[in-house]
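Residue strings, one per chain:
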Amino acid sequence: MYIKVKSYRIIWNYRELAIVKMEINLFTMKLKAIIKLSNNEEYIVYSDGETNEDFQKRVEIFVHSKSNL
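Residues numbered from 1 in each chain as written. Predicted model: local features only at pLDDT ≥ 70, side-chain atom pairs only at ≥ 80, totals over all residues. Heavy atoms only, no water.

Visitor: So what exactly am I meant to see when it comes to the overall build of the protein chain here?
Guide: Across its full length, the protein chain carries 1 helix and 4 strands. Moving toward the C terminus, one meets the helices and strands of the protein chain in the order β-β-β-β-α. Taking 2.2 N^0.38 as the reference for a compact globule, 69 residues should give roughly 11 Å; the C-alpha atoms of the protein chain span a radius of gyration of 12 Å, in line with that estimate. The principal-axis extents of the C-alpha atoms in the protein chain amount to approximately 35 × 20 × 15 Å. Among the 69 residues that make up the protein chain, the fraction classed as buried is 32%. Considering only contacts within the protein chain whose residues lie at least 6 apart along the sequence, 27% involve residues at least 24 apart. Accessible surface, the protein chain: about 4800 Å² in total, of which carbon and sulfur atoms supply 53%. The protein chain carries 11 positive and 9 negative side-chain charges, and their two centres are separated by 4 Å. (Helix = DSSP H or I, 4+ residues; strand = E, 2+ residues; numbered from the N terminus. Rg over C-alpha atoms; globule rule 2.2 N^0.38 Å. Buried < 20%, exposed > 50% of the residue type's maximum accessible area, 1.4 Å probe, protein only. Contact = heavy atoms within 4.5 Å. Areas by Shrake-Rupley, 256 points an atom, 1.4 Å probe, with all protein chains shown as cover. Lys, Arg positive; Asp, Glu negative; His and termini not counted. Charge placed at Lys NZ, Arg CZ, Asp CG, Glu CD.)

Printed below as a string of structure tokens:
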């Protein structure tokens, strides 16, 4: 069972790269990011037990690697 924590947009050079929705599993306390890129591709990334800040950095790196810059 996942509960939404927050959602935000990743913008780079005045261009929206992705919309990210962060959710947390109440039983395992692990995060999940649902990423929708600007080209309508959708990905799900799960945390490996790292902190919230580290997971957000990993999500940003993932978005930059998948987006067409």
